[in-house]
Amino acid sequence: MGGRTDERMVTIPLRAPEEGALEGVFQAGALDEGQGCVIAPPHPLYGGSMDSPVASELAYAAVRAGIAALRFNWRGVGASAGIASGEPRDADADYAAALAHLGATVAGRLVACGYSFGAAAALRAARLHPRIGRGLLVAPPPSLVEAGALRELERPALVLVGSADRIAPHDALAADVAAAPGARLELIADADHFFMSGLAELGRRAHAWLAQGTARGR
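In what follows, the accompanying structure is described. (Residues numbered from 1 in each chain as written. Predicted model: local features only at pLDDT ≥ 70, side-chain atom pairs only at ≥ 80, totals over all residues. Heavy atoms only, no water.)

**Regarding helix 1 (residues 53–64)**
Residue pairs spaced three or four apart in an α-helix point in one direction, given the helix's 3.6 residues per turn. Basically, it comes down to this: In this description a helix means any DSSP run of H or I spanning at least four residues, a strand means any run of E spanning at least two, and both kinds are numbered starting from the N terminus. Helix span is expected to be 1.5 Å times the residue number reduced by one. Summary of the burial criterion: residues with accessible area below 20% of their type's maximum are buried, those above 50% are exposed, and those between are partly exposed, where the area comes from a 1.4 Å probe applied to protein chains only.
Taking 1.5 Å of rise per residue, 12 residues should cover 16 Å, and helix 1 covers 16 Å from first to last C-alpha, within 8% of that figure. The buried fraction of helix 1 amounts to 10 of the 12 residues, a majority that puts the element mostly inside the structure. Taken residue by residue, helix 1 has V54, A55, S56, E57, L58, A59, Y60, A61, A62 and V63 as its buried positions. Of the residues one or two after helix 1, G66 is the one with positive phi, at around 85 degrees.

If you want it as structure tokens, here you go:
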């Protein structure tokens, strides 16, 4: 289902017209339910963009599971308007704009997804947005995750982390994940925070979890 050639550039309006818009890439899913997945990239001040191999791999995993995928650039990155800041308030506004855009495109449930800095933003959104049914968080740095946020998620979630990740070490996340209803932590062997190794395995794990949840209507 889906592939790497059906990408379409989209414009994502920010909340206030004077703020401009974000650039994004949309890939349609193949399910009648019309589910969608918003994928947030890494930190905008450290080269994070929607062209990140991890963000792209997550989008392809969603499409293979029949779920529409939208990944986007933070404000100030690429052709997105504004000034890159890396501030949680700006990240939350950007993520909310992407959710609104995808929510107007698909009719079903949404998956909050992100990588690194983007995973922290996705987690914050997943706790608040009523249409989000699941969270897929890749390498969320513990320093960016609010204490107790995972335990309070109250939605199914998969946290994927490289076994050699020093920025998002799995042992710093394990207790919170274990205490979160419906959440689980999976390690990608020998992968670090950037997944120079283990990217294909990351995609396989993400696809399997997304497809399983989709079959259950989440």
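Alright, that's what it looks like, and here's the rest.
**What about the pattern of salt bridges?**
What counts is decided by this rule: Here, a salt bridge means any Lys or Arg side-chain nitrogen found within 4 Å of an Asp or Glu carboxyl oxygen.
Under the defined criterion, the tally for this structure stands at 12 salt bridges. Two residues, R75 and E19, come together in a salt bridge whose shortest N-O distance is 3.6 Å. Here E19 lies in the loop between strand 1 (8–13) and strand 2 (21–27) and R75 lies in the loop between strand 4 (68–72) and helix 2 (88–103), a separation of 56 residues in the sequence. Here E186 and R184 are joined by a salt bridge, their closest N and O atoms 2.7 Å apart. Residue class for E186 comes out buried when judged on its relative accessible area of 17%.

**A short note on the nonpolar core**
One recurring pattern in soluble globular proteins is that nonpolar side chains are buried together. Rule in force here: In this text, buried Ala, Val, Leu, Ile, Met, Phe, Trp, Tyr and Cys residues form a nonpolar core when linked through side-chain atoms within 4.5 Å.
Ranked by internal contacts, the top residues of the largest apolar core, which has 41 residues, are I12, F72, W74 and Y95. The greatest single-element share of this core, amounting to 7 residues, is contributed by helix 3 (residues 117–126). Ranked by size, the runner-up nonpolar core spans 28 residues in total, among them V54, I67, A69 and I188.

**So, unusual backbone geometry**
A negative phi holds for most residues other than glycine; trans holds for most peptide bonds. If you check the backbone angles, A139 has positive phi at about 50 degrees while not being a glycine. The topology assignment puts A139 in the loop between strand 6 (132–138) and strand 7 (157–162). The class of A139 is buried, set by a relative accessible area of 0%. Of note, E154 is a non-glycine position whose phi angle comes to about 60 degrees, a positive value. Examined against the element boundaries, E154 turns out to sit in the loop between strand 6 and strand 7. We classify E154 as exposed; its relative accessible area is 68%.

**Comments concerning the side chain of S49**
Put simply, the rule reads: What makes two residues a contact is simply this: any of their non-hydrogen atoms within 4.5 Å.
Within the element layout of this structure, S49 appears in the loop between strand 3 (36–40) and helix 1. The class for S49 is buried, based on a relative accessible area of 15%. Setting aside chain neighbours within four positions, we find S49 in contact with P41, P42, A55, N73 and V77.

**Focus on the pairing of strand 8 (residues 183–188)**
To keep it simple, the criterion reads: Strands are treated as partners if at least two bridges between them are detected by DSSP. When the strands point away from the viewer, a crossover counts as right-handed if the path from the first strand over the helix to the second runs clockwise.
The pairing of strand 7 with strand 8 spans 6 bridges and is parallel. The partner of L158 across the bridge, within strand 8, is R184. Chirality of the crossover, the property in question, places the unit of strand 7, helix 4 (residues 170–178) and strand 8 among those that are right-handed.

**Observations concerning the side chain of Q27**
The following threshold applies: Whenever two N or O atoms come within 3.5 Å, that pair is a polar contact, provided that in protein one can donate a hydrogen and the other can accept it, and provided that, for residues adjacent in sequence, both atoms are side-chain atoms.
Within the secondary structure layout, Q27 lies in strand 2. Engagement of the side chain of Q27 in a polar contact is seen with the side chain of D6, the distance being 3.3 Å.

**Comments concerning the packing of aromatic side chains**
Aromatic ring pairs are reported here in terms of the distance separating the ring centres and the angle at which the planes meet. What counts is decided by this rule: Planes of paired rings set the category: under 30 degrees apart is stacked, over 60 is edge-to-face and the rest tilted, where pairs are Phe, Tyr or Trp rings (Trp by its six-membered ring) whose centres lie within 6.5 Å.
Tallied over the full model, the rule gives 4 aromatic pairs. Relative to W74, the ring of F72 lies with its centre 5.1 Å away and its plane at 85 degrees, an arrangement referred to as edge-to-face. Taken individually, F72 and W74 each receive the classification buried, so the pair is uniform in this respect. A ring pair is formed by W74 and F117, whose centres lie 5.4 Å apart and whose planes are at 80 degrees; its orientation type is edge-to-face. Placement of W74 in the loop between strand 4 and helix 2 and of F117 in helix 3 is noted, with a sequence separation of 43 residues between them. Classification of F117 as buried rests on a relative accessible area of 6%. Through pairs of rings, three or more aromatic residues link up here, namely F72, W74, Y95 and F117.

**Observations concerning the environment of E7**
Turning to its location among the elements, E7 is positioned in the segment before strand 1. Spatially, the C-alpha atoms of E7 and V138 are 22 Å apart, while their sequence positions differ by 131 residues. Apart from residues no more than four positions distant in its own chain, E7 is found in contact with V25, F26, Q27, Y60 and R71. Here Y60 takes part through its side chain, which lies 2.8 Å from a polar atom of the side chain of E7.

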